[in-house]
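Observations on chain architecture
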Amino acid sequence: VNKEGGATPTEEMNGAGNLMDFLDEPFPDVGTYEDFHTIDWLREKSRDTDRHRKITSKSKESIWELIKSLLDAWSGWVVMLLIGLLSGTLAGVIDLAVDWMTDLKEGVCLSAFWYSHEQCCWTSNETTFDDRDKCPQWQKWAELMTGHTEGAGVYVLNYFLYILWALLFSFLAVSLVRVFAPYACGSGIPEIKTILSGFIIRGYLGKWTLLIKTVTLVLAVSSGLSLGKEGPLVHVACCCGNLFCSLFSKYSKNEGKRREVLSAAAAAGVSVAFGAPIGGVLFSLEEVSYYFPLKTLWRSFFAALVAAFTLRSINPFGNSRLVLFYVEYHTPWYMAELVPFILLGVFGGLWGTLFIRANIAWCRRRKTTQLGKYPVLEVIAVTGITAVLAYPNPYTRRSTSELISELFNDCGSLESSQLCDYINNPNMSRPVDDIPDRPAGPGVYNALWQLALALIFKIVITIFTFGMKIPSGLFIPSMAVGAIAGRIVGIAVEQMAYHHHDWIIFKNWCRPGADCVTPGLYAMVGAAACLGGVTRMTVSLVVIMFELTGGLEYIVPLMAAAVTSKWVADAFGKEGIYESHIQLNGYPYLDVRDEFTHRTLATDVMRPRRNDPPLAVLTQDTTTVEDVETLIKDTDYNGFPVVVSRESERLIGFVQRRDLTLAIKNARQKQDGVVSSSVVYFTEDAPQLPASNPQPLKLRRILNLSPFTVTDHTPMETVVDIFRKLGLRQCLVTRSGRLLGIITKKDVLRHMAQMMNQDPESIMFN
């Protein structure tokens, strides 16, 4: 680059001159973006390449510069390490707090009030194996107040206090979100997907959001509402990622690089949510990330590993395992069982479709009617209804994670659950761990009734819970719906096999006296099917499920159910719940998976249209400072094309509105002689002006000499592809070098919405 800040002719040819000038950063904030704007991936990428080139060339000068370049190269791994440590710690703390506060609704530990029910009875000497959940140190509230343990009055008092605690927790959660961090509500995954696709939502990943989301997540889950902490943990981890990005200029100054870190942070979030590090990396790749280079894959892997390791060190579940639902099944599965597994897949797909349609309809109502004005009342009403209906049924009273854990469990000889109340045949001699099929006892039939009621309750209440103004995840409620349905099917198949083992389908694999059907496995398959139906995950879902449960040999049933549920759900609509919420909120998200099959051309989409005023442009050496300022004041475009002259309209480059504003402001402060009538020029040499004219202002360094252009006859499917794969903000339309118009990302999205007969005005942001 020569002294005057212009570019040498060779760089001119490459169109890199403007980017080399960017590096000298003549004034702060050039190349940054406004809130609710889209970033330009190409520009971010070339800025990073230039920064890298500069560091590499400097590193040969001295030892200190070499050390700096090594630190720069390692900063990515350092950020990953920090993200893993912080998100793992936060997840462990959240798990412990949720455990304690969920039990607080029912009673308190007298020996140490900060113990949960389970911890309280672990330390007790009076606990017998049969009554391991009963111990004198743990007292229910009514027992503490009245001294009685049985009776109608005691039940009513416990019921009342349970509802009171639930209302208190949810009121605290919604109030904190409203007052301190409005962005902390919801699951956060739709917004994270939008941010990773190159959109800017300032404050969404800020420190306040992180703090409030962590606190309110504990309160929301403890209040017994039908929601999980898994989705919001992805948001929490991304907030951690954003926090550590600000420590390194490599990431804080480059939005494109920052998104690579956030992709890896999302992987760490799923890793700690489920204790599934590999599932987390695949989830980030399949579900949230937009741009996922190989380097990000390794870094995500490392971040997920550190996060899982940190969580394992905290050991929140006290079972030395990472996961809540660890199961050990000893029986193989049989080919004939694929039929019920596929049926569970169909159920999952139908439930996914029902849930997405009903939830989106309800959220749309909330947005467009009076309902949306009273978020606190809504949360309290839903919590009240949930608590009143949940308490009488033992399966809905406890936390959803515990319910899933019990449904996944196999009935061993030591299980005290009602689901394991089978009738034992005393004459049979058998080793302890090999329990043969037995007829179901009254407890099992009783449990089936309660489970059927719990299923209906969960299906209905989750529709109204997801999308309220509190942190709410969707993984756990969806899994609960599937696990309940699966366990019911599993028990039905098991009893059929027991009573009709001479039928031709059971004959080969169900000998009397052998264990041949595992109801817990059906619950696991059902959970995967329902989660797949709602989110449309496939690969990452199966990996998360077998990492979650440790059931490696059941990959085929899980795959069969996941694929079936995706097919069934896709038959009714292509979008998963997150894409639907992105659409509902009008975020500018170009989905990679959408097909564009319409035969339209760039000229049909570009602006200005036929009756519009002509395009707002700047000329290369005849515009004055006053003209530029008037243009900026009168329009709200994000940038302006620069042409040779109004007559020829030959395109030179593109200049961003924000850079123009900053440059002129800066020039008026720092450069003498710049007044309103000064000429702004974008060429290499100053134009020939009369001596009486004020000093001209050279703005070549903020001009992008290589804007992306297409011709007016480019098919729209190519344009959509270019926008998708290169992450463009805008693209100029030319014919034989003459500028005709401009297409922005918003225009592309509007056009796609129009082609699908949707409302194009629903796309709100720039």
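Residues numbered from 1 in each chain as written. Predicted model: local features only at pLDDT ≥ 70, side-chain atom pairs only at ≥ 80, totals over all residues. Heavy atoms only, no water.

**A few points about the nonpolar core**
Note the cut-off: Among buried residues, the Ala, Val, Leu, Ile, Met, Phe, Trp, Tyr and Cys ones that are joined through side-chain atoms within 4.5 Å form a nonpolar core. Buried, partly exposed and exposed residues are distinguished by accessible area as a fraction of the type maximum, computed with a 1.4 Å probe on protein chains only: under 20%, between the cut-offs, and over 50%, respectively. These domain boundaries are the output of an automatic or database domain assignment. Between two residues, a contact is recorded if the distance between any of their heavy atoms is within 4.5 Å.
Counting 157 residues, the largest nonpolar core has Phe274, Phe408, Ile470, Met479, Met524, Met545 and Ile743 as the members making the most contacts within it. Counting only domains with at least three residues in this core, you end up with domain 1 (81-99 + 183-317 + 342-374 + 401-409 + 418-423 + 433-581) and domain 2 (602-662 + 702-756). Among all residues touching Phe408, those that are not within four sequence positions of it are Phe325, Val327, Tyr329, Met479, Ala483, Arg487, Gly520, Ala523, Met524, Ala527, Met545 and Thr549. Core analysis: the second largest hydrophobic core is formed by 21 residues, Val642, Val674, Phe682 and Leu699 among them.

**Topic: the packing of helix α15 (residues 338-368) against helix α25 (residues 577-585)**
What counts here: To define axes, lines are fitted to C-alpha atoms, for helices over the stretch in contact only, and angles between the resulting N-to-C directions are given on a 0 to 180 degree scale. Strands are runs of DSSP state E lasting at least 2 residues, helices are runs of H or I lasting at least 4, and numbering of each runs from the N terminus. For classification, angles of less than 35 degrees are called roughly parallel, those exceeding 145 degrees roughly antiparallel, those between 65 and 115 degrees roughly perpendicular, and all remaining angles oblique. Two helices that cross are described as forming a left-handed crossing if the nearer one is turned anticlockwise from the farther one by less than a right angle, and a right-handed crossing if clockwise.
Relative orientation of the contacting elements α15 and α25 amounts to 20°, with a least axis distance of 10 Å. As the angle between them shows, α15 and α25 are arranged roughly parallel. Every pair of crossing elements has a handedness; the one defined by α15 and α25 is right-handed. For the pair α15 and α25, contact is made by Phe355, Ile356, Asn359, Ile360, Cys363, Arg364 and Lys367 and by Ile577, Ser580, His581, Leu584 and Asn585, respectively.

**Regarding the sheet that holds strand β4 (residues 623-624)**
Condition: Being paired, for any two strands, means DSSP has found at least two bridges between them.
If you walk across this open sheet you meet the three strands as β4-β7-β8, and the pairing is mixed. Edge positions in the sheet fall to β4 and β8 (697-698), since each of these pairs with one other strand and no more. By the bridge criterion, two bridges tie β4 to strand β7 (residues 679-681) in an arrangement that is antiparallel. Across the sheet, residue Thr624 finds its bridge partner in β7, namely Val679.

**Examining helix α16 (residues 375-390)**
This is how the line gets drawn: For a helix, the expected span equals 1.5 Å multiplied by the residue count minus one.
For α16, spanning 16 residues, the distance from its first C-alpha to its last is 22 Å, which sits close to the expected 22 Å at 1.5 Å a residue. Inspection of α16 places Pro375, Glu378, Val379, Val382, Thr383, Gly384, Thr386, Ala387 and Ala390 among the buried residues, and these make up the whole buried set. Residues of α16 that are buried in the fold lie against α7 (152-180), α15, α17 (394-397) and α19 (442-465).

**As for the state of the cysteines**
Counted only if it meets this: The term disulfide is used for any two cysteine sulfur atoms that are within 2.5 Å.
Evaluated as defined, the whole model comprises one disulfide. Between the sulfur atoms of Cys109 and its disulfide partner Cys120 the distance amounts to 2.0 Å. Negative torsions about the S-S bond denote left-handed disulfides, and the value of about 80° found for Cys109 with Cys120 makes this one right-handed. Here Cys109 is found in strand β1 (residues 107-109), whereas its partner Cys120 is found in helix α5 (residues 117-122), with eleven residues between them in sequence. Cys238 supplies the cysteine sulfur nearest to Cys245, a cysteine that is in no disulfide, at a spacing of 10 Å. Assessed through its relative accessible area of 0%, Cys245 is described here as buried.

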